[in-house]
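The primary structure of each chain is shown beneath.
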Amino acid sequence: MTNEPKTITNAALDKLPLFATDNQVAVAIVGKERAKHWIVAILPVLERKGFPGKDPAHGGRPVPLVRKFYDAYFGITAGISMAKPDGEEREWVPKRARKAAPAD
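The structure displayed is predicted, hence computed values, not measured ones.

One finds Leu16, Val25, Trp38, Leu46, Phe51 and Tyr70 to be the most contacted residues of the largest nonpolar core, which totals 16 residues. When contributions to this core are tallied by element, the ones reaching two or more residues are α2 (22–30), α3 (35–48) and α4 (63–73). In contact with Phe51, not counting residues within four places along its chain, are Val25, Trp38, Leu43, Leu46, Arg61, Val66, Phe69 and Tyr70.

Here you go:
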């Protein structure tokens, strides 16, 4: 068994060319019925979050990077990190209770 991160499997993305148009990517991700809405409303938001841009030399978006974007977007490639204790553990006491309680 390997420890490689899991990736999203989407047969529609697998069938796309290496560089795909926005419409091709949209159809692969959300389907033909919702593709136009995804391009107009969702794609600009995703681009601000790092969605791969169009490659001017190839006239499309690099599909392997689209897949990697979604892997990260869904947290598939993110490892589990355990938080380290940052100091002494104390019980939280509301401010009113602290004022009313006698000092130790």
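What follows is about the pattern of salt bridges. Summed over the entire model, instances satisfying the criterion amount to four salt bridges. Two residues, Lys54 and Asp22, come together in a salt bridge whose shortest N-O distance is 3.5 Å. Linking Lys54 in the loop between α3 and β2 (61–62) with Asp22 in helix α2, this pair joins segments that are 32 residues apart in sequence. Between Arg61 and Glu47 there is a salt bridge whose closest N-O contact spans 2.7 Å.

So, on to the packing of aromatic side chains. According to the stated counting rule, one finds six aromatic pairs in the structure shown. Members of the aromatic cluster, connected to one another through ring pairs, are Trp38, Phe51, Phe69, Tyr70 and Tyr73.

On to the side chain of Asp22, then. Taking relative accessible area as the criterion, Asp22 reaches 14% and is therefore assigned buried. Residues contacting Asp22, with those up to four places away along its chain left out, are Trp38, Ile39, Leu43, Lys54 and Arg61.

Another point: α2. Among the residues of α2, Asp22, Val25, Ala26, Ala28 and Val30 are the ones counted as buried. The arc that holds every buried residue of α2, seen down its axis, measures 165 degrees, which confines them to one face. Where α2 is buried, its residues meet α1 (11–14), β1 (19–20), α3, β2 and α4. Count one or two residues on from α2 and you reach Gly31, which has phi positive near 95 degrees.

This brings us to α3. Taking 1.5 Å as the rise per residue, α3 with 14 residues should run 20 Å; its terminal C-alpha atoms sit 19 Å apart, in good agreement. Maximum bend of α3: about 50 degrees, positioned at Ile42, with proline Pro44 one to four residues after it. Three or more residues of α3 are buried, namely Ala35, Trp38, Leu43 and Leu46. For α3, the elements touching its buried residues are α2, β2 and α4. Downstream of α3 by a residue or two, Gly50 has a phi angle that is positive, lying close to 105 degrees.

Cut-off values and rules
Residues numbered from 1 in each chain as written. Predicted model: local features only at pLDDT ≥ 70, side-chain atom pairs only at ≥ 80, totals over all residues. Heavy atoms only, no water. Core = buried A, V, L, I, M, F, W, Y, C linked by side-chain atoms within 4.5 Å. Buried < 20%, exposed > 50% of the residue type's maximum accessible area, 1.4 Å probe, protein only. Helix = DSSP H or I, 4+ residues; strand = E, 2+ residues; numbered from the N terminus. Contact = heavy atoms within 4.5 Å. Salt bridge = Lys/Arg side-chain N within 4 Å of Asp/Glu carboxyl O. Phe/Tyr/Trp six-rings, centres within 6.5 Å; stacked < 30°, edge-to-face > 60°. Arc of directions from axis to C-beta. Expected span 1.5 Å × (residues − 1). Bend = angle between axes of the 7 residues up to and from the residue.

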